[in-house]
Amino acid sequence: YDWDTSPEKRHASPKFYGFVPATAYKRVIVFASMLAISAGMLVIRGMSIVLLGLVGKRWVFGYVCADLGLYLISKGFRGDFWYWLPAGGYVEI
């Protein structure tokens, strides 16, 4: 958030920085919208797990494993494991 709202970063690269508007009123709108979308996604994910649990536990296990597996695969392709698991030394993936 601080990087996007920094006046120095906006001046250096205005096409990249600036997702969050400069005025306080518009910042509140963006923040509230992002909060509502995040909460909605959590509700949808939770409800889908509950509904799959009514069908059978295998479906829940498959859904959670597929979701976590896709997340870890995307982390691997992006090379984010160095920052995701700060174990230090030769322990890091």
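Residues numbered from 1 in each chain as written. Predicted model: local features only at pLDDT ≥ 70, side-chain atom pairs only at ≥ 80, totals over all residues. Heavy atoms only, no water.

## A closer look at the overall build of the chain
Each helix and strand counted, the chain has five helices and zero strands in total. In the chain, the order of α-helices and β-strands from amino to carboxyl end is α-α-α-α-α. Residue burial in the chain is summarised as follows: out of 93 residues, 14% are buried. When the accessible surface of the chain is totalled, it reaches about 8100 Å², and 73% of it is carbon and sulfur. (Helix = DSSP H or I, 4+ residues; strand = E, 2+ residues; numbered from the N terminus. Buried < 20%, exposed > 50% of the residue type's maximum accessible area, 1.4 Å probe, protein only. Areas by Shrake-Rupley, 256 points an atom, 1.4 Å probe, with all protein chains shown as cover.)

## Here's the deal with a nonpolar patch on the surface
On the surface, Ile37, Met41 and Ile44 cluster together into a nonpolar patch covering about 340 Å² of accessible area. Mapped onto the elements, Met41 comes out in helix α3 (residues 24–55). (Patch = residues over 30% accessible without salt bridge, like charges linked within 9 Å, V, L, I, M, F, W, Y side chains within 5 Å. Salt bridge = Lys/Arg side-chain N within 4 Å of Asp/Glu carboxyl O.)

## Considering helix α4 (residues 57–78)
For α4, spanning 22 residues, the distance from its first C-alpha to its last is 32 Å, which sits close to the expected 32 Å at 1.5 Å a residue. Where α4 ends, the next residue or the one after it, Gly79, has phi of about 75°, a positive value. (Expected span 1.5 Å × (residues − 1).)

## Structural notes on the confidence of the model for the chain
Low-pLDDT stretches of the model should not have their predicted coordinates read in fine detail. Per-residue pLDDT for the chain has a mean of 85; in total, 84% of the residues score no lower than 70. α3 holds the highest mean pLDDT among the elements of the chain, 94, whereas helix α5 (residues 81–84) holds the lowest, 63. (pLDDT = per-residue confidence, 0-100.)

## Comments concerning the pattern of salt bridges
Per the counting criterion, the structure on display carries one salt bridge. Across the pair Arg45 and Asp67 runs a salt bridge, and its minimum N-O distance is 3.3 Å. One end of the pair, Arg45, is in helix α3; the other, Asp67, is in helix α4, and 22 residues separate them in sequence. Its relative accessible area of 40% is what places Arg45 among the partly exposed residues.

## Digging into the packing of α3 against α4
Orientation of α3 relative to α4, taken along the N-to-C sense of each, is 145°, at an axis distance of 7 Å. Within the contact between the two elements, α3 uses Arg45, Ser48, Ile49, Leu52, Gly53 and Val55 and α4 uses Trp59, Val60, Tyr63, Val64 and Asp67. Its residues assigned to classes, the contact of α3 with α4 shows seven nonpolar, two polar and two charged. (Axes fitted to C-alpha atoms, helices over the stretch in contact; angles between N-to-C directions. Contact = heavy atoms within 4.5 Å. Nonpolar A, V, L, I, M, F, W, Y, C, P; charged D, E, K, R; others polar.)

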